[in-house]
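The lines below spell out each chain.
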Amino acid sequence: FQKGPEIFAKAIARLPDDVFGLWAGGGPMADELEKLTARLGIGERMRWLGHRGDIADVLPAFDVMAMASRWEGLPCVLVEAIGAGIPLVATAVPSNQDLVLAGETGMLVPPEDPDGLAAAVSALLDDPAAAARMAGRARARVGEWFSPGHLGTVLDETYRGSSRRP
């Protein structure tokens, strides 16, 4: 429920027939989502991949990464997408907004808004130059924040009490 897979599917249904949706992740909604996919008539364009341990390998195949979450902690998949240079669309919820700055490093849409999600995905697909600029800015903004070296330093400073971070 938190991740909004049904919102994502409804957004895919609003996009042209040459736009395909892939959803990685499993959960108790699997049967319901398959039925929704059939009801929306997007069975040929929507794939529910289930749990994947190889997202970093799959991401380069994406033209756009769209996240439909209703609420979110720090979403690792957005960090992975940024690292892979994938343009982002995400819901304007805490943590997503730390990584995605509207119109600068990606597109933000209200939660639970399949029309807005579809429009933002369409805008990035229709303007690959703008999408690439946003993806580049996202990568530059995040920089090394989530690299093992940086995170190790932050953890070490925190435990040693030498951190100047709040």
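Above: the structure in question.
The sections below set out a description of the structure shown in this document. Worth saying up front: this structure is predicted, and the values here are computed from it rather than measured. (Residues numbered from 1 in each chain as written. Predicted model: local features only at pLDDT ≥ 70, side-chain atom pairs only at ≥ 80, totals over all residues. Heavy atoms only, no water.)

1. Looking at the overall build of the protein
Assigned secondary structure in the protein consists of 8 helices and 5 strands. Across the protein, helices and strands are ordered from the amino to the carboxyl terminus as α-β-α-β-α-β-α-β-α-β-α-α-α. Taken over C-alpha atoms, the radius of gyration comes to 17 Å for the protein, in line with the 15 Å a tight globule of 166 residues would show. Reported as C-alpha extents along the three principal axes, the dimensions of the protein are approximately 55 × 35 × 30 Å. Residues counted as buried form 40% of the 166 residues belonging to the protein. Sequence-distant contacts in the protein: of pairs separated by 6 or more residues, those separated by 24 or more amount to 58%. Side chains of the protein give 16 positive and 22 negative charges; the mean places of these two sets differ by 4 Å. (Helix = DSSP H or I, 4+ residues; strand = E, 2+ residues; numbered from the N terminus. Rg over C-alpha atoms; globule rule 2.2 N^0.38 Å. Buried < 20%, exposed > 50% of the residue type's maximum accessible area, 1.4 Å probe, protein only. Contact = heavy atoms within 4.5 Å. Lys, Arg positive; Asp, Glu negative; His and termini not counted. Charge placed at Lys NZ, Arg CZ, Asp CG, Glu CD.)

2. Digging into the side chain of Ser69
Within the secondary structure, Ser69 sits in the loop between β3 (65-67) and α4 (76-83). Looking at Ser69, the relative accessible area reads 0%, which means it is buried.

3. Side note on the environment of Asp57
Structurally, Asp57 can be placed in helix α3 (residues 55-58). The class for Asp57 is exposed, based on a relative accessible area of 65%. Taking the C-alpha atoms as reference, Asp57 lies 9.5 Å from Ala84; in sequence the two are 27 residues apart.

4. Examining the nonpolar core
Soluble globular proteins tend to bury their nonpolar side chains together. Among the nonpolar cores identified, the biggest contains 26 residues, and Phe8, Met46, Val89 and Leu117 are the most heavily contacted of them. Counting only elements with at least two residues in this core, the list comes to α1 (5-13), α2 (30-40), β2 (46-50), α6 (114-126) and α7 (128-142). Excluding anything up to four places from it in sequence, Val89 contacts Val64, Met65, Ala66, Met67, Met107, Val109, Leu117, Ala120, Val121 and Leu124. (Core = buried A, V, L, I, M, F, W, Y, C linked by side-chain atoms within 4.5 Å.)

5. Observations regarding α4
Turning to α4, its buried residues number three or more, namely Leu78, Val79, Ala81 and Ile82. Projected down its long axis, α4 carries its buried residues within an arc of 160°, all on one side. Where α4 is buried, its residues contact β3, β4 (88-91), α5 (96-99) and α7. At the exit of α4 stands Gly85, carrying a positive phi of roughly 75°. (Arc of directions from axis to C-beta.)

6. A short note on α2
Within α2, burial applies to Leu33, Leu36 and Thr37. Each buried residue of α2 lies within a common arc of 100° when the element is viewed along its axis, so the set occupies one face. Across α2 from its buried face, at more than 90 degrees, point the exposed residues Asp31, Glu32, Lys35, Ala38 and Arg39. The elements touched by buried residues of α2 are α1 and β2. In the stretch just after α2, Gly41 is the one whose phi turns positive, near 75°.

7. Section: the packing of α1 against α6
Across the interface, α1 lies against α6 with an axial gap of 8 Å and an inter-helix angle of 55°. Put simply, α1 runs oblique to α6. The handedness of the crossing between α1 and α6 comes out as right-handed. Residue-level contacts link Ile7, Phe8, Lys10 and Ala11 of α1 to Pro114, Leu117 and Ala118 of α6. (Axes fitted to C-alpha atoms, helices over the stretch in contact; angles between N-to-C directions. Parallel < 35°, antiparallel > 145°, perpendicular 65-115°, else oblique. Left-handed = near helix turned anticlockwise from the far one by under 90°.)

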